[in-house]
Amino acid sequence: MKVLILTDGKAGHQNQTIALAKSMGLEYDLVPVHFKNKLAKLIAPVFDWLHISSGCLFTCGRIPSPASEYSFVAGTGSGTFYPVKVIAARMPLESRIIFYPRLYRTGSFSRIYVPYHDNPPSKPNIERIHGAFVYVSQQMKDQAVEEFKKRNSNCADHAFALVVGGPSKYATMDYGWMRQNLDQFFRDMSAWKEQHPGSSCAAWVTTSRRTPSEIEELVKQYPWDFCQISSQDTYNPIPAFAVLADKVYVTAESISMVSEIRCAATGQVCLLDNLKPGGHKLRRFIDSLS
């Protein structure tokens, strides 16, 4: 059996739905769906409350297999909620979504996976999850390590790694704060070396697409053995960092990034708290990890 995944094209959404399928041992087909315009997306919840199930509001790619080959229809994010419900009803199959569909009738979805930090209500079809769905197979780990070793000639026995994100609705990326954490990173590594004489230890870093240019310039001032600047190269070393590093430091503003590292890490994970004050969902997520 397979999962019919309806995707809005956003990698962060699509990857979570794929992880859901793989966590259940199921193959999947990816089919793109898009609302025809902004008005159609606004009308969709109204149609849902009026019990109107219509494909006139969105476009859908070709579904490659007959309904009998699918276990259920799934999607992540508001761009997929209505299409999942409509197409699942047509086939007919279960409808499963990730994230709470606040504008839609929740009772007509077969299963809704919602992170704890979103404070979902208690309903029979709602399953609470920690963080984001992440699936990392041993093959994926091996491939990530192999690719990293091709790019990194440093042969140290151990490594400390740093993953730098950027500002968001719930987080800041202050220059002075980042400098303090960079200095602390190298102090921690020096202390580790003193405790492990004779062992070599490398310093690795990667920025992300959200990292401000002034922070990237600051990062480049430090003596890294491997330095990945996202604005210059889109290669993603995070999976390899998680597998290979003794200690991974990561800024706290991305639920998906933190979830990925915590799921795959073989060493210690240290969160660098750059979150804004308040009881927002990022704070609830980080607090739930302690």
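In case you missed it, the structure is sitting above this.
The rules behind each value
Residues numbered from 1 in each chain as written. Predicted model: local features only at pLDDT ≥ 70, side-chain atom pairs only at ≥ 80, totals over all residues. Heavy atoms only, no water. Helix = DSSP H or I, 4+ residues; strand = E, 2+ residues; numbered from the N terminus. Expected span 1.5 Å × (residues − 1). Contact = heavy atoms within 4.5 Å. Salt bridge = Lys/Arg side-chain N within 4 Å of Asp/Glu carboxyl O. Buried < 20%, exposed > 50% of the residue type's maximum accessible area, 1.4 Å probe, protein only.

**Q** Help me understand helix H1 (residues 11-23) in this model?
**A** The periodicity of an α-helix, 3.6 residues per turn, causes residues three or four places apart in sequence to face the same way. Taking 1.5 Å as the rise per residue, H1 with 13 residues should run 18 Å; its terminal C-alpha atoms sit 18 Å apart, in good agreement. The inward-facing, buried residues of H1 abut strand S1 (2-7), strand S2 (27-35), strand S4 (70-76), strand S5 (94-98) and strand S6 (111-115). Count one or two residues on from H1 and you reach glycine 25, which has phi positive near 75 degrees.

**Q** Any chance you could explain helix H4 (residues 138-151) here in plain terms?
**A** Compared with an ideal rise of 1.5 Å per residue, which puts 14 residues at 20 Å, H4 spans 20 Å between its outermost C-alpha atoms and is within 8% of the ideal. Residues of H4 that are buried sit in contact with strand S9 (201-206), strand S10 (226-228), helix H7 (238-244) and helix H8 (255-264).

**Q** Just checking my understanding: could you explain unusual backbone geometry for this structure?
**A** Look at the link from methionine 91 to proline 92: it is a cis peptide, with omega at -25 degrees. Along the chain, the position of proline 92 falls in the loop between helix H3 (78-90) and S5. One non-glycine residue, histidine 51, lies in positive phi territory at about 60 degrees. Structurally, histidine 51 is set in the loop between helix H2 (38-49) and strand S3 (58-60). For asparagine 119, which is not glycine, the phi dihedral falls at a positive 50 degrees. Counting through the fold element by element, asparagine 119 comes out in the loop between S6 and strand S7 (126-129).

**Q** Where do I start with the pattern of salt bridges in this structure?
**A** If the charged atoms of two oppositely charged side chains come close together, the side chains can form a pair. Taken as a whole and judged by the stated rule, the model has 11 salt bridges. Across the salt bridge formed by arginine 151 and aspartate 233, the nearest N and O atoms sit 3.2 Å from each other. Taken as a pair, arginine 151 in helix H4 and aspartate 233 in the loop between S10 and H7 lie far apart in primary sequence, 82 residues in all. What makes aspartate 233 partly exposed here is its relative accessible area of 30%. Among the salt bridges present, the one from arginine 283 reaches aspartate 273, with a minimum N-O distance of 2.9 Å. On the criterion of sequence distance, the pair formed by arginine 283 in helix H9 (residues 281-289) and aspartate 273 in the loop between strand S12 (268-272) and H9 is long-range, its members being 10 residues apart. Residue classification places aspartate 273 among the partly exposed residues on the basis of a relative accessible area of 38%. A single salt-bridge network, built from bridges that share partners, covers Lys2, Asp29 and Glu69.

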